[in-house]
Amino acid sequence: MMLVKDIMTPDPITIGPNATIFEAEKMLSINKIGRLLIVENEKLIGMLTDGDIISERNLEAPVSEFMSADLIIINENSTVQQAAKKLSENHIGGLPVYNDKDDLVGVVTSEDIVYGYLKDEEEEMEMEKKTITPESSAIYLSMTRSRDYEEYWLKKIEGYGYRGAITQTGASAEKLPIKLRESTTVAAIARGVINENSREKMAVSNAVKDAYSQLDLVNPGLGGGFKIAVVRGDGHISVAIFGKFGHALVDGPEQLTVGTSVI
């Protein structure tokens, strides 16, 4: 969980209460910031934003006349969500940040929080990508039970930089290997997982063959109905086959196999 101290601006720029509007505008402009903390005798007494002085004509007026003295502060170990709530509830754009010793250590703004959320999402995506591989993506996709969940995983897969497709097929034992290969190849082309050339078609075919050989090893001579997912990423194709073997008398247990091929 991201904390305020992870996104705040440390060592905030301060100014004295007797400084002029001209001096404050100069500091805001030079440092490209939108607010200054007003400090007197090493104690924070107010905050001044560029909006507080935007219409002021008397550039020699002291900033103490325009600053906000009713300060809302936050601890550096508070979460970004807590900071966002304070900003939203009080309709303000920045919070002075204190540590556990009551020392002023920074300022956090609404812009910092937006950046923090984006950074947090990016880091979370990178962490997930270390565990969500093309193989695991294909498994999750093949085991979806509804159209909505299929679409959810297809979009999630795209978010990791992979490309995915899903299809279903069923056939007798004699036709099952061909049907699996044909339906997977058609789905992969339709969804843009592969290009329509012999090399990429062969990569899909080899991945299906790899997965099917595992199924046939467990239940030789049986047909069935299966959901097949194909995911492309990191230079190879992954295929997951999930479903039931069966024959005229009985359905077998659900099976899951995964095959891969370099592309």
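Everything quoted here is computed from the prediction, not taken from an experiment.

**Focus: the packing of aromatic side chains**
Here the structure, examined in full by the defined rule, presents 4 aromatic pairs. Centroid distance Y160 to Y162: 6.3 Å. Interplanar angle 45 degrees. Geometry classified as tilted. The exposure class assigned to Y160 is buried, which follows from its relative accessible area of 2%. Judged by its relative accessible area of 3%, Y162 falls in the buried class. Ring-pair connections join several aromatic residues into one group, and the members of that group are Y140, Y149, Y152 and W153. Sitting over the face of the ring of W153, K156 holds its NZ or CZ atom 5.9 Å from the ring centroid.

**Some thoughts on the pattern of salt bridges**
Per the counting criterion, the structure on display carries 6 salt bridges. Between K227 and E150 there is a salt bridge; the shortest N-O distance is 2.9 Å. Of the two residues, K227 is situated in strand β9 (residues 223-233) and E150 in helix α7 (residues 147-159); the sequence distance between them amounts to 77 residues. Residue K227 is classed as buried on the basis of its relative accessible area of 10%. Judged by relative accessible area, E150 falls into the buried class, the value being 4%. A salt bridge links R232 to E200, with the nearest nitrogen and oxygen atoms 3.1 Å apart.

About the cut-offs
Here the residue index of a chain counts from 1 through its sequence in written order. Side-chain atom pairs in this predicted model are given and counted only at pLDDT of 80 or more, local residue features only at pLDDT of at least 70, and totals for whole chains, interfaces and linings cover all residues. As a convention, hydrogens and water are excluded, and side-chain values are obtained from all of the structure's heavy atoms. Aromatic pairing here means that ring centres of Phe, Tyr or Trp (its six-membered ring) are within 6.5 Å. Orientation follows from the plane angle: under 30 degrees is stacked, over 60 is edge-to-face, and everything else is tilted. The buried label applies to any residue whose accessible area, calculated with a 1.4 Å probe on protein chains only, is under 20% of its type's maximum; exposed applies above 50%, and partly exposed to all values in between. Here, a charge over a ring is recorded when the distance from Lys NZ or Arg CZ to the ring centre is within 6 Å and its angle to the ring normal is within 35 degrees. Note on definitions: salt bridges are taken to be side-chain nitrogens of Lys or Arg within 4 Å of carboxyl oxygens of Asp or Glu. Secondary structure elements follow DSSP: runs of H or I of four or more residues count as helices, runs of E of two or more count as strands, with numbering from the N terminus.

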